[in-house]
Amino acid sequence: VQLQASGGGLVQTGGSLRLSCAASGLPFSKYTTAWFRQTPGKGREFVAVVRQIGTSTYYANSVKGRFTISRDNAENTVYLQMNSLKPEDTAVYYCATGSNPVLSSIRSASMYNYWGQGTQVTVSS
């Protein structure tokens, strides 16, 4: 199983980036996929998640209205469109996939079995 995250970079405040998470080695369409982020000295923070079919999405309050998660099961890829970026969005972003975690635990990193390698997002002020 491999998850390949890409699309990070350096952007100014108010800018946009689109992250991609390409999966291989598993029936991706049957897995819930999420994005987390991490800054030095802190644990992984939930950002957004999309269920298998893509009709159910959930967001952290800090990104709601600015970020959009989506998936293309034909391409085995999940996207995170990030708009109106702020300096506090600076982090390493990780995608992760798990076998249908229950809603009450869907924001918990422990619910996800497979993780990508992370992509750095830096927002300058």
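Chemist: Please give an account of the overall build of the protein that cites residues and values.
Modeler: In terms of helices and strands, the protein carries 0 helices and 11 strands. A compact globule built from 125 residues would reach a C-alpha radius of gyration of about 14 Å, and the protein, at 13 Å, matches this within 12%. The principal-axis extent of the C-alpha atoms belonging to the protein is close to 40 × 30 × 25 Å. Taking all 125 residues of the protein together, 43% fall into the buried category. Long-range contacts, defined here as pairs at least 24 residues apart, represent 58% of the contacts in the protein between residues at least 6 apart.

Chemist: Help me get a handle on the nonpolar core, residues and values and all.
Modeler: Counting residues in each nonpolar core, the largest one holds 35 residues, and the members touching the most others are Trp 35, Val 47, Phe 67, Ile 69, Leu 80, Met 82 and Tyr 93. Elements with a contribution of two residues or more to this core: strand S1 (2-6), strand S3 (17-24), strand S4 (32-38), strand S5 (45-50), strand S7 (67-72), strand S8 (77-82), strand S9 (91-98) and strand S11 (119-124). It is S5 that provides the largest number of residues to this core, a total of 5 residues. Among residues more than four places away in sequence, those in contact with Ile 69 are Thr 33, Trp 35, Ala 48, Val 49, Val 50, Thr 57, Tyr 59, Val 78, Tyr 79 and Leu 80.

Cut-offs and rules
- Residues numbered from 1 in each chain as written.
- Predicted model: local features only at pLDDT ≥ 70, side-chain atom pairs only at ≥ 80, totals over all residues.
- Heavy atoms only, no water.
- Helix = DSSP H or I, 4+ residues; strand = E, 2+ residues; numbered from the N terminus.
- Rg over C-alpha atoms; globule rule 2.2 N^0.38 Å.
- Buried < 20%, exposed > 50% of the residue type's maximum accessible area, 1.4 Å probe, protein only.
- Contact = heavy atoms within 4.5 Å.
- Core = buried A, V, L, I, M, F, W, Y, C linked by side-chain atoms within 4.5 Å.

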